[in-house]
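Breakdown of the fold
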Protein chains: 4
Amino acid sequence: MPRPAASLFLRLPDPAGDGAAVAEPPEPPQPPGDPRRFWLDAFRAVRAETERRAAPLSAEDQVVQSMPDASPTKWHRAHVTWFFEQFLLRPFDPAYRPFDERFAYLFNSYYVAAGPRQARPQRGLITRPGVAETTAYRAHVDAAVAALIESTNDGEAVMPIVEIGLNHEQQHQELLLTDILHAFAQNETHPAYDADWRWPRGTAAATAADAVIAGIHMIGHAGAGFCFDNERPAHQVLLQPVRVSRALVTNGEWLDFMADGGYATPSLWLADGWAAVESHGWTAPGYWRQIDGAWYSMTLGGLNPVDPALPACHVSYYEADAFARWAGKHLPSEAEWEVAAKSGALDDAFGIVWQWTRSAYSPYPGYQAAAGALGEYNGKFMINQMVLRGSSLATPAGHSRTTYRNFFYPSARWQFSGLRLAEFER
Amino acid sequence: MPRPAASLFLRLPDPAGDGAAVAEPPEPPQPPGDPRRFWLDAFRAVRAETERRAAPLSAEDQVVQSMPDASPTKWHRAHVTWFFEQFLLRPFDPAYRPFDERFAYLFNSYYVAAGPRQARPQRGLITRPGVAETTAYRAHVDAAVAALIESTNDGEAVMPIVEIGLNHEQQHQELLLTDILHAFAQNETHPAYDADWRWPRGTAAATAADAVIAGIHMIGHAGAGFCFDNERPAHQVLLQPVRVSRALVTNGEWLDFMADGGYATPSLWLADGWAAVESHGWTAPGYWRQIDGAWYSMTLGGLNPVDPALPACHVSYYEADAFARWAGKHLPSEAEWEVAAKSGALDDAFGIVWQWTRSAYSPYPGYQAAAGALGEYNGKFMINQMVLRGSSLATPAGHSRTTYRNFFYPSARWQFSGLRLAEFER
Amino acid sequence: MPRPAASLFLRLPDPAGDGAAVAEPPEPPQPPGDPRRFWLDAFRAVRAETERRAAPLSAEDQVVQSMPDASPTKWHRAHVTWFFEQFLLRPFDPAYRPFDERFAYLFNSYYVAAGPRQARPQRGLITRPGVAETTAYRAHVDAAVAALIESTNDGEAVMPIVEIGLNHEQQHQELLLTDILHAFAQNETHPAYDADWRWPRGTAAATAADAVIAGIHMIGHAGAGFCFDNERPAHQVLLQPVRVSRALVTNGEWLDFMADGGYATPSLWLADGWAAVESHGWTAPGYWRQIDGAWYSMTLGGLNPVDPALPACHVSYYEADAFARWAGKHLPSEAEWEVAAKSGALDDAFGIVWQWTRSAYSPYPGYQAAAGALGEYNGKFMINQMVLRGSSLATPAGHSRTTYRNFFYPSARWQFSGLRLAEFER
Amino acid sequence: MPRPAASLFLRLPDPAGDGAAVAEPPEPPQPPGDPRRFWLDAFRAVRAETERRAAPLSAEDQVVQSMPDASPTKWHRAHVTWFFEQFLLRPFDPAYRPFDERFAYLFNSYYVAAGPRQARPQRGLITRPGVAETTAYRAHVDAAVAALIESTNDGEAVMPIVEIGLNHEQQHQELLLTDILHAFAQNETHPAYDADWRWPRGTAAATAADAVIAGIHMIGHAGAGFCFDNERPAHQVLLQPVRVSRALVTNGEWLDFMADGGYATPSLWLADGWAAVESHGWTAPGYWRQIDGAWYSMTLGGLNPVDPALPACHVSYYEADAFARWAGKHLPSEAEWEVAAKSGALDDAFGIVWQWTRSAYSPYPGYQAAAGALGEYNGKFMINQMVLRGSSLATPAGHSRTTYRNFFYPSARWQFSGLRLAEFER
């Protein structure tokens, strides 16, 4: 799997902020003396990482869309480029000439305010422009953005757009991997994205006691560094005493759940979850299949035996919730997770699997979406989805933080999604 | 399962509790000297109310199911009867002989633990047993329950089942009306459930200032009276300062929203909400139709002109949320609603329209569902639905309380669902 | 539109025609001396037969619609009445006052030219008008039609409309039974339409050799009596030598097909047929179910054991075709069937089960649909459906003839549909 | 558009046969002195033609599947190769080693008897093997087939399989073009398969009177040359006197139909056709779009203005039937078409657009499908589809004949499908 070359990214030091003492991903580097140089380096590094992730994929690999929720690699590469063109170059560079005016239609995702666009389920039909032309499109925009960064007199307006563009591109870097894995999983020949890929090793065993937290805490992003609008405003929450597990749930525990009839016991499931089990015929996590009595899982390294010691992955919220009920526990809320993570009390909070929480994705009290098309980034999805916290093996370096709110529908299984458990103190 | 501590059907005054000084529905009567007499009266009163609500409906009216979410009147009448048979008579009356063993299949709703059952979307196909036989079924069970109440030596076990059975039946009394209204609304001749029916008049104008609340409050049911399990445990919440409107949103305000392009402005809508607008072609609240330029609404009294002074009704969560965004405000959370209601600060909290909150329907911290089939009552629906608070014109007397949590999918419009607004203090 | 040459409801002997020597349903009565008296009697007899068929059904039975292809009993009763109102009374009786103008919307079936109408899948939602009002509607129209027949000076225009109206009502008499059987079959209590109902006994064993036919023959309706437009024009066809079985395929033979893996052998099936087997999970004819190892079938008399000696029934075209392939034979074409029937060579051609033919439902060469709304009667359905010949136990007396063309989609199973086989002479 | 280099193909002279005097595609060359040389040349020519048609397409173009009915170019190239591997090399060449055993799963189309296979709607997900590996697969099989042809001692068994394999590949050559055109038509940038492509010019104006035919004729394939099993057995038919138009219906005539409200007049349409108009929103033939008041059509040459003089194309059966009704005529039956074509009475019968007939696709009397998997080639599709006759601009040279029966569902529009009219003589 791609391992981003440099650990640089983005955030300013955050003295009053959200995790100084926290075990989380390596701190980003100090801010540069010359902001232009800093942003130019960041821009080039992130753009290069996208290309590095796409490099193992053939032209055919890059064009397919294996389900409406997933997007083609080529589309990801072009869409994040369009994002800079639409929100940075068009407003701030009067001399900019779009690479191809028609790309605004092809590569807008869901920004209604930015005009009409290719229907989402039909992104896989765009065979032209091809991979080579997409690469040229990226180069065209790269050059224009670099020139703008170097020449702008309006850095206070320009750099935040660069920053959100890079964070946006990092999100698509993760999706690029989850989506191609879904595509390969549909192929009976089990192609490997990277034949040498191995699951990351997390913490071998719990290194300390579980977190027990309670009382009034601040959650959300209050510091000076970058965050998405959905992490704001920071605000106080009141927590009942709860014990959050240090460890992720493992494949071995999941096999116990299966052996105990977990997928055949309706009383363990939410009603909508049980309907999903029945309609999809779920009997195991996503990408698992049984061959001659043994369980295998489709991974970025191809079809591999399921290792009981590794974290459970590719489970939906419905499955995570049923597992927790079977275990006599529950999933933590996102506030519980965040407070526990900030206390340094969680193993493997980042970089292995996202962790479902029992929190519906809702606006924080006082949440305000931005004006204009960028206001569509997060706010309009705050219904019917559940929050995941942490980050996964596919998350780019520098993109994780304790306040980060990821969200998917409760039936989704194609992300690197796992779980940890919690239980209330009595 | 809900375990009411004491065998009281209707609540005592609750000095330390959740609403002593609150303007809410008329207080229930004092508890009886003789609990058997009290429960027998309560049983007869609730059972009679169901029949009173069904009385205006013909045999044909009572059999139809106009959509999978709705149920036939006859099915409601039989299902609530089966509930007593299944959970009270079979376990507690060894001499009881079921009216017809096949009814367990026909009239079980969703209790998987209670055995197989008629598929929900096909409840409208049960033409037999007919209305007359259903009435006989009710009489058979009524007699057996009355005898059991009068003769039991195990009142501590029996009366709580009677109590939940009656609360259950009251919920179906409301659904009986919402469901037949939906059926009649499909009929181009616009039948009236009751030609003399009129909308209840709420508070004419705000009688005092809006509620402004903040800080730590207790929500949930802590008193001695009956509640459903989802109202428990009572627990503290921490609220940001917020102003909750005293008044319900009116049809007149809704017409302003429509005139301002509310149903044609995607930026006002959640993404899933906008998809619902487009797929259903929504341009006005449920049951509204325009005739010669004027708006009419299908009601229990037939097709009537829309009165701008009345509360908006039959709006989905998606619409309520879009309206709030258009108004520059938001919906209250269920905690905000409950605290404001307990403070006596809300007009028309009860008895007109349920009020959508922005809270997803989730378990309270420490929630425990009961063991066995009755544990399926509430818990398994705690996903993908939104909480409504208050009560409606269709809610039976004595069934409302400040801690009550109603819940429906965000696309639902056939309930008597409206809204009030809130905004954060800055 | 069908234009019967003479104002005869039931056919004269037809020496040059299509069946003089044929064993078919009992000859209709001789034409009357007084046509008004004749038509009045016919009108009253057919109208009474509809009511006779509806009589065992409760109000609830009469309102339900168990699938979009079926219609409620009450709807049938009202729709055939509307037909007289729309096509006879409105054009020919200036003094006629409709019973209720809104019924045109509720009870039009598919006559686009006659105005907008209730969506077909929602016919079961019309709880009002109820059964009693429907009976009053029938009486209102009955009186007006009777008066028109007795008083008209334009019998040449009026009587053909009466005639087609009666034939139309007879078709709905059959559907009334097939549709209520489908509704009852959805009910786990297996209601009987008539507890004393028994399958008609056909010919016990083949009474003579199979028919072998070949060469040039006339098919279609050439005589003076009534026929539908789709039976015209009569025309010559050239047949390859073919042997058409005298006997209907029986349940016993069908059980052999099942035992030999008929429903699990894709090579026996048309591709679309196999897709239907897989999507519907078919393993036996419609309404069959296995209880403790024995096969039962839902009938008008309730749930009865399958009798191997009786004709197979409630099979789709797909199943009939697969059975024929399994038997090394094929289904007859409609022309082969008609020529064989006219030669007197078929047992049980009428009155037990309709017989699928391998002919797609297409216009005869030179077919002309009538102008106006009645032109929608047959012609617009001449695609995607297959022809059945003969008649069934549910077909009213006097409604069968050798030239009659019934038609249904190849997946339909709720009609009384069976089959006989054929094979080419080599 | 691809124009096959050589006009050689397949059929032997057919003295008693089906079209000696007929104006149809150029006769195939005389049979070779050395059959091995003949078949080797034919094999190489057909295989090369497939590659020539794929040559303008990028790797991305070749992998997409734009709807379940269409298949990717790469899949076509591999599937026809698998056909030779499965039906020729495996049975007749004991030494043959499959290129990759997994390809049998990926590239089997619908031959149930040949084992499990990729679900049809998911053919577009096979990104690997890629284009290069597919080319290698073709070369591997080409070499093995060439060696088998040259070395076999069992030519009487082998050559017929070669022949059907080549005819099969020719069918996919046509589909390759229709399917990529559908894919390109989904792309707002309107890619051209060949920027220089132009519509073939048919006969400028009727060169002689329409055909008037009647009486007894032989149809079907009776000669010694190749045909598919569905063209057999040849047999006599009896035709009513009918006039079949010499000329194809043109775009200009279709514009008249549109201007006259053709797409908005339900009385012109079959019921299922009108449902298709409403559900798909059809207002013009497939691939047409209106830009600034002018009509354009997506073609193999990109988006071009509609030329009124050219034949109408990309119309469904439903549209063809409605047009004929509007014109006061009807479509010819397949027998009428074939007899007229054999009489030399049709202009542009071949090589421009396939022509819908009013005949449902059914077995000829006495039809026998082959044993084994090849028996699935045609017979199992003989339901729910309509016959088209002639051939189109996409049909490979040498693949057309007067007895050829093409077939598609009546809603299909992505083929090069047009029509000619007929009317009965009175």
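Let me begin by describing the structure that accompanies this report. (Residues numbered from 1 in each chain as written. Chains lettered and ligands numbered in written order. Predicted model: local features only at pLDDT ≥ 70, side-chain atom pairs only at ≥ 80, totals over all residues. Heavy atoms only, no water.)

A word on the interface of chain B and chain C
The test is simple: Any two residues whose heavy atoms approach within 4.5 Å at even a single point are treated as in contact. For any pair of parts, buried area is found by adding up, for both, the accessible area (1.4 Å probe) each one loses once the two are put together. Salt bridges are counted wherever a side-chain nitrogen of Lys or Arg sits within 4 Å of a carboxyl oxygen of Asp or Glu. Counted as a polar contact is a pair of N or O atoms within 3.5 Å, where, for protein atoms, one must be capable of donating a hydrogen and the other of accepting one, and residues adjacent in sequence contribute only when both atoms are in side chains. By definition, any uninterrupted DSSP run of H or I lasting at least four residues is a helix, any uninterrupted run of E lasting at least two residues is a strand, and each is numbered from the N terminus.
Opposite the 28 residues of chain B that make contact, chain C presents 28 residues. Taking both partners together, chain B and chain C bury about 2300 Å²; carbon and sulfur atoms supply 55% of that area. When the buried area of chain B at its contact with chain C is split by residue, Glu60, Leu125 and Arg128 of chain B rank highest and sum to 30% of it. Our enumeration of links across chain B and chain C arrives at two salt bridges. Where Arg128 of chain C meets Asp61 of chain B, a salt bridge forms, and the shortest distance between an N and an O atom there is 2.6 Å. Our count for the contact surface shared by chain B and chain C stands at 10 residue pairs in polar contact (both at pLDDT 80 or more). Broken down by secondary-structure element, the contributors of at least two residues to the side of chain B that touches chain C are helix 2 (59–63) and helix 4 (103–107) of chain B. With four residues, helix 2 of chain B is the largest single contributor of residues to the side of chain B that touches chain C.

Let's talk about the sheet that holds strand 10 (residues 422–424) of chain B
All names here are of chain B. Test applied: Pairs of strands are assigned from DSSP output, requiring at least two bridges between the strands. Here, axes are lines fitted to C-alpha atoms. For helices the fit covers the stretch in contact, and angles between N-to-C directions go from 0 to 180 degrees.
In space, the three strands of this open sheet follow the order 1-2-10, with antiparallel pairing throughout. In this open sheet, the two strands that pair with only one neighbour each are strand 1 (211–219) and strand 10. The mean angle between the axes of side-by-side strands here comes to 45°, regardless of whether they run parallel or antiparallel.

Structural notes on the relation of the copies chain A and chain D
Rules: Only residues with pLDDT of at least 70 in both copies contribute their C-alpha atoms to the least-squares superposition of the copies.
Expressed as a screw operation, the relation of chain A to chain D combines 0.0 Å of axial shift with a rotation of 180°, fitting to an RMSD of 0.0 Å. The transformation relating the two chain copies, once decomposed into turn and shift, fits a two-fold axis. In terms of C-alpha distance to the rotation axis, chain A has Glu60 of chain A as its closest residue, with the C-alpha 2.5 Å off the axis. Here 100% of the contact residues of chain A are again contact residues in chain D; the copies associate through an equivalent surface.

Focus: the environment of Lys380 of chain D
All names here are of chain D. Operational definition: A simple rule labels every residue: compare its accessible area, found with a 1.4 Å probe on the protein chains alone, to the largest value its type can have, and call it buried under 20%, exposed over 50%, or partly exposed in between.
In this fold, Lys380 is placed in the loop between strand 6 (354–360) and strand 7 (386–389). Relative accessible area serves as the criterion here: at 14%, Lys380 is assigned to the buried category. It is 10.0 Å that separates the C-alpha atoms of Lys380 and Ser362, two residues lying 18 residues apart in sequence. A distance of 2.7 Å separates the side chain of Lys380 from the backbone oxygen of Tyr110, its partner in a polar contact.

Section: the packing of aromatic side chains
Here a ring pair, both rings aromatic, is described through the centre-centre distance and the interplanar angle of the planes. Going by this rule: Ring geometry is summarised as follows: Phe, Tyr and Trp rings, the Trp one being its six-membered ring, pair when their centres sit within 6.5 Å, and such pairs are stacked at plane angles under 30 degrees, edge-to-face over 60 and tilted between the two. In our convention, an over-ring charge means Lys NZ or Arg CZ found within 6 Å of a ring centre and within 35 degrees of that ring's normal.
Following the criterion strictly, the structure yields 136 aromatic pairs over all chains and no others. Ring plane angle 70° and centroid distance 6.2 Å describe the contact between Phe83 of chain B and Tyr111 of chain B, whose orientation is recorded as edge-to-face. Highlighted residues: Phe83 of chain B in helix 3 (residues 73–92) and Tyr111 of chain B in the loop between helix 4 and helix 5 (131–151), separated in sequence by 28 residues. Above the plane of the ring of Tyr364 of chain A lies Arg405 of chain A, whose end atom (NZ or CZ) is 4.0 Å from the centre.

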